Amino acid sequence: WVPANESFGLGEVDTAVRDDFLVRLYRMTHELDASRPVVSNDGWEHALTDLCTLHDYSTAPTLVEHFRSVDAALTARAEGHETYDPGFSYRGEPMLVTEFGGLRFKGSTGWGYHEVGDSEQLVQEYEARVAALMQPGPVYGFCYTQLTDVEQEQNGLAAADRTPKADPSRIRPITQVKKKEGP
């Protein structure tokens, strides 16, 4: 469960007030459903959390650097934000990159983090970023943002009408299991 995402609606709130709110949401969510992990604030500025979730729209070489170790991942500061709020820290919880990618076609009217020229480049950039996150390091899993374009965000693997932007067989599922080292 993810009751808050990227501090949306909480960015201008005093950090202590935000953290109190996030901890209460975390505990209430666990009371409602103790069978699933709870992420207090997906992406950054975590308070109490069961998973360390990070958003990182960097290029493939930078992803390799950001996720080569726990320390590197925790200090990468996604979008300029701290991973944990003051008074909270990494406790060994599984680390996931819950948003990455952000590829949009050059000339599209919407928004994305990186532009690609065509379907071939989309597949190449997608594969490079996936390969970067599959490198040895602390990442237990990841989620591409996003499957389809929505409203102003034009960085999906398919258009809003679900038309694939590249041959779906080229954007294949990951079949190789990454071996974990450490915690």
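About the thresholds
Residues numbered from 1 in each chain as written. Predicted model: local features only at pLDDT ≥ 70, side-chain atom pairs only at ≥ 80, totals over all residues. Heavy atoms only, no water. Helix = DSSP H or I, 4+ residues; strand = E, 2+ residues; numbered from the N terminus. Rg over C-alpha atoms; globule rule 2.2 N^0.38 Å. Buried < 20%, exposed > 50% of the residue type's maximum accessible area, 1.4 Å probe, protein only. Contact = heavy atoms within 4.5 Å. Areas by Shrake-Rupley, 256 points an atom, 1.4 Å probe, with all protein chains shown as cover. Lys, Arg positive; Asp, Glu negative; His and termini not counted. Charge placed at Lys NZ, Arg CZ, Asp CG, Glu CD. Disulfide = S-S within 2.5 Å. Core = buried A, V, L, I, M, F, W, Y, C linked by side-chain atoms within 4.5 Å. Expected span 1.5 Å × (residues − 1). Polar contact = N/O pair within 3.5 Å; in protein donor to acceptor, adjacent residues only side chain to side chain.

A. Fine view of the overall build of the protein. Scanning the protein from terminus to terminus reveals four helices and five strands. Order of helices (α) and strands (β) in the protein, N terminus to C terminus: α-β-α-α-β-β-β-α-β. Over its C-alpha trace the protein gives a radius of gyration of 17 Å, about what one expects of a compact globule, namely 16 Å for 183 residues. When the backbone C-alpha atoms are referred to their principal axes, the protein occupies close to 45 × 40 × 30 Å. Buried residues in the protein amount to 45% of all 183 residues. Put simply, of all contacts in the protein between residues at least 6 apart along the chain, 60% involve residues at least 24 apart. Accessible surface for the protein amounts to roughly 9900 Å². Of this, 54% is attributable to carbon and sulfur atoms. Each charge class in the protein can be summarised by its mean position, and for the 17 positive and 29 negative side chains these summaries are 5 Å apart.

B. Inspection of the environment of Ala76 at higher detail. With respect to the element layout, Ala76 can be found in the loop between helix 3 (70–75) and strand 2 (95–101). Distance from Ala76 to Gln135, taken between C-alpha atoms, is 17 Å for residues 59 residues apart in sequence.

C. Local environment of the environment of Pro138. Counting through the fold element by element, Pro138 comes out in the loop between helix 4 (119–133) and strand 5 (139–145). In this structure the C-alpha to C-alpha distance between Pro138 and Ala72, which are 66 residues apart in sequence, comes to 9.7 Å.

D. Looking closely at the state of the cysteines. Considering all chains together, one arrives at zero disulfides under this definition. There is no disulfide at Cys143, and the cysteine sulfur nearest it, in Cys52, is 16 Å away. Given the relative accessible area of 42%, Cys143 is considered partly exposed.

E. Molecular detail of the nonpolar core. Counting residues in hydrophobic clusters, the biggest one holds 25 residues, and the most contacted among them are Phe67, Met95 and Tyr126. If you list the elements that add at least two residues to this core, you get strand 1 (52–55), helix 2 (60–66), helix 3, strand 2, helix 4 and strand 5. A per-element tally of this core places helix 4 first, with six residues. When residues no more than four places from it in sequence are discounted, the contact partners of Phe67 are Leu54, Asp56, Ala73, Met95, Val97, Leu133, Pro136, Gly137, Pro138 and Val139. Membership of the second largest hydrophobic core comes to eight residues, among which are Leu22, Val23, Ala47 and Leu48.

F. Here's a closer look at unusual backbone geometry. Looking along the chain, the bond that leaves Thr145 and enters Gln146 is cis, with omega of -5°. Turning to its location among the elements, Gln146 is positioned in the segment after strand 5. Despite not being glycine, Glu45 has its phi angle at roughly 50°, a positive value. We classify Glu45 as buried; its relative accessible area is 12%. Residues other than glycine seldom take positive phi values, yet Glu151 does so here, at roughly 40°. Mapped onto the fold, Glu151 is located in the segment after strand 5. A relative accessible area of 72% means that Glu151 is categorised as exposed.

G. How the structure looks around helix 4. Helix length check: helix 4, at 15 residues, gives a terminal C-alpha distance of 21 Å against a target of 21 Å (1.5 Å per residue), a fit within 8%. For helix 4, the complete set of buried residues consists of Leu122, Val123, Tyr126, Arg129, Val130, Ala132 and Leu133. Close packing links the buried residues of helix 4 with helix 2, strand 2, strand 3 (103–105), strand 4 (114–116) and strand 5. Of the residues flanking the start of helix 4, the one acting as N-cap is Asp118, its side-chain oxygen 3.2 Å from the backbone nitrogen of Glu120.

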